[in-house]
Amino acid sequence: MAPVTKEQALKSALASSAMEGFPVTPEVTRNCQRLLNGEVNVDSLVKEILSKRQKG
């Protein structure tokens with residue numbers, strides 16, 4: 001059995017979230033990809049999201 005790639009794991013996790021009723025927007029997908037690529041860490045991403053919510 002071949003190992004699962006990051007992209008496959010992400011697609012599976014997002015599909016599961018959608019089936020559970022959680023909205024999976026393009027922004028959510030982009031943020032998850034950024035985390036997987038090491039572009040941001042969880043702390044900085046949470047701060048970004050909270051900052052956007054406070055402004056909007």
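Just so it is clear, the structure is predicted and the values come from calculations on it, not from any experiment.

Rules behind the numbers
- One numbering rule holds for all chains: residues counted from 1, following each sequence as written.
- Where local features are concerned, this predicted model is filtered to residues with pLDDT of at least 70; where side-chain atom pairs are given and counted, the filter is 80 or more; whole-chain, interface and lining totals use all residues.
- Note that the side-chain values use all heavy atoms of the structure and ignore hydrogens as well as water.
- Here pLDDT means the predictor's own confidence in every residue, given as a number from 0 to 100.
- Under the DSSP-based scheme used, a helix requires at least four consecutive residues in state H or I and a strand at least two consecutive residues in state E, with every element numbered from the N terminus.
- Axis lines are fitted to C-alpha atoms, over the contacting stretch for helices. Their N-to-C directions set the angle, which ranges from 0 to 180 degrees.
- Our angle categories are set so that under 35 degrees counts as roughly parallel, over 145 as roughly antiparallel, 65 to 115 as roughly perpendicular, and the remainder as oblique.
- By definition, turning the near helix anticlockwise from the far helix through less than a right angle yields a left-handed crossing, and turning it clockwise yields a right-handed one.
- Any two residues having at least one pair of non-hydrogen atoms within 4.5 Å are treated as being in contact.

A word on the confidence of the model for the protein chain
The predicted coordinates should not be examined in detail at positions where pLDDT is low.
Here is step 1: Mean pLDDT over the protein chain works out to 93, with 98% of the residues at or above the 70 mark.
Here is step 2: Mean pLDDT across the secondary structure elements of the protein chain bottoms out at helix H3 (residues 42-55), with 93, and peaks at helix H2 (residues 26-37), with 95.

What to know about the packing of H2 against H3
Describing two packed helices takes the angle between their axes plus the distance from one axis to the other.
Here is step 1: Orientation of H2 relative to H3, taken along the N-to-C sense of each, is 155°, at an axis distance of 10 Å. With respect to their mutual orientation, H2 and H3 come out roughly antiparallel. Of the two possible hands of crossing, H2 and H3 adopt the one that is right-handed. Here H2 contributes Glu-27, Asn-31, Arg-34 and Leu-35 to the contact with H3, which in turn contributes Val-42, Leu-45, Glu-48, Ile-49 and Lys-52.

Overview of the side chain of Asn-31
Here is step 1: Counting through the fold element by element, Asn-31 comes out in helix H2.
Here is step 2: When sequence neighbours within four positions are dropped, the list of residues in contact with Asn-31 reads Leu-45 and Ile-49.

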